[in-house]
Amino acid sequence: MLEAGGKGPRGKGLQPGFDTPAARAKSGLLVVGSFVILLFIIEVVNLLTFHSLNLTFGLRPRSPDGLLDIFTFPLLHANFGHLISNSFPLIIFGFLVLMSGLRVFLTTAALSWLGSGLVVWLIGDGGITVGASGLVFGFFAFLLVRGFFNRSWWQILLSAVLFMVYGGILFGILPTVAHFVSWQAHLGGALGGVAAAIVLRPRINRSRRDAPGV
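Here is a short report on the structure shown in this document. Here the structure is a predicted model, which is why all the values come from computation and not from measurement.

## What about the packing of aromatic side chains?
- Under the defined criterion, the tally for this structure stands at four aromatic pairs.
- A centroid spacing of 5.3 Å and a plane angle of 20° characterise the contact between Phe 105 and Phe 139, whose relative ring orientation is stacked. With a gap of 34 residues between them, Phe 105 in helix H5 (residues 102-123) and Phe 139 in helix H6 (residues 133-150) connect regions that are remote in the sequence. Each of the two residues, Phe 105 as well as Phe 139, counts as buried.
- By the ring-pair criterion, three or more aromatic residues cluster together here, those being Phe 93, Phe 140 and Tyr 166.

## A closer look at helix H1 (residues 21-48)
- In this model H1 runs 40 Å from its N-terminal to its C-terminal C-alpha over 28 residues, within 8% of the 40 Å that 1.5 Å per residue would give.
- Of the residues making up H1, those classed as buried are Ala 25, Gly 28, Val 32, Val 36, Leu 39, Ile 42, Glu 43 and Asn 46.
- Elements that come into contact with the buried residues of H1 comprise helix H2 (52-57), helix H4 (80-98) and H5.

## Brief notes about unusual backbone geometry
- If you check the backbone angles, Phe 50 has positive phi at about 55° while not being a glycine.
- For Arg 62, which is not a glycine, the phi torsion comes out positive at approximately 55°.
- The residue Arg 62 is located in the loop between H2 and helix H3 (66-69) in this model.
- A relative accessible area of 45% places Arg 62 in the partly exposed class.

## What to know about the environment of Gly 33
- Summarising the element assignment, Gly 33 is placed in helix H1.
- Judged by its relative accessible area of 22%, Gly 33 is partly exposed.

## Things to note about the nonpolar core
- Judged by nonpolar contacts, the single largest core of 29 residues is most densely connected at Leu 90, Phe 93, Val 97, Leu 135, Phe 139 and Phe 142.
- Looking at this core, the elements with two or more residues in it are H1, H4, H5, H6 and helix H8 (183-199).
- With seven residues, H6 is the largest single contributor of residues to this core.
- Residue contacts for Val 97: discarding those within four places in its chain leaves Val 104, Phe 105, Thr 108, Phe 139, Phe 142 and Leu 143.
- Counting six residues, the second-largest nonpolar core is a separate cluster that includes Leu 59, Ile 70, Trp 121 and Ala 185.

Quick notes on the rules
Residues numbered from 1 in each chain as written. Predicted model: local features only at pLDDT ≥ 70, side-chain atom pairs only at ≥ 80, totals over all residues. Heavy atoms only, no water. Phe/Tyr/Trp six-rings, centres within 6.5 Å; stacked < 30°, edge-to-face > 60°. Helix = DSSP H or I, 4+ residues; strand = E, 2+ residues; numbered from the N terminus. Buried < 20%, exposed > 50% of the residue type's maximum accessible area, 1.4 Å probe, protein only. Expected span 1.5 Å × (residues − 1). Contact = heavy atoms within 4.5 Å. Core = buried A, V, L, I, M, F, W, Y, C linked by side-chain atoms within 4.5 Å.

Quick look at the structure:
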């Protein structure tokens, strides 16, 4: 991977500011914004087809066919109110994760998506589950714990601020509190976010770790 200001195979320097915070912020808004726009387009189609997409591609727990629905159910929503309630935290948390790089974002999104779907499939209440809230909880959980794995004081500070502002959503992983939503999707997404923080934590150089002190 080339660093900003480095030289490519032909010896040409990369464009200045290629990896600046401003460039990452612009790219982050573009990626997350495009995904949310896609969700709204899908919901328009869903509405025009009387939400038949939910019946076909919503996640059905413990159904053999439902395993494939793991890859589609976060793209669907019960209605526009449901989608809007997920969109704002998805943009905020997704953007903050993307500021750490596209690889971090994709890894966190993939594990949150998969974790949310698997938990719903395994212990869901039997109804059809749709919604991107598992991604929301995955991104949020990642942002809360990554600083402790990375040993980064500013990431820990950010997690403390996020917890004070948005920590109340964590009640959504409790079945006794979130009886009207899929707490299973929330729990699975959060577990996926924590898994992403573990997978993406900095690796300790073995030779440096084993070297004698001086």
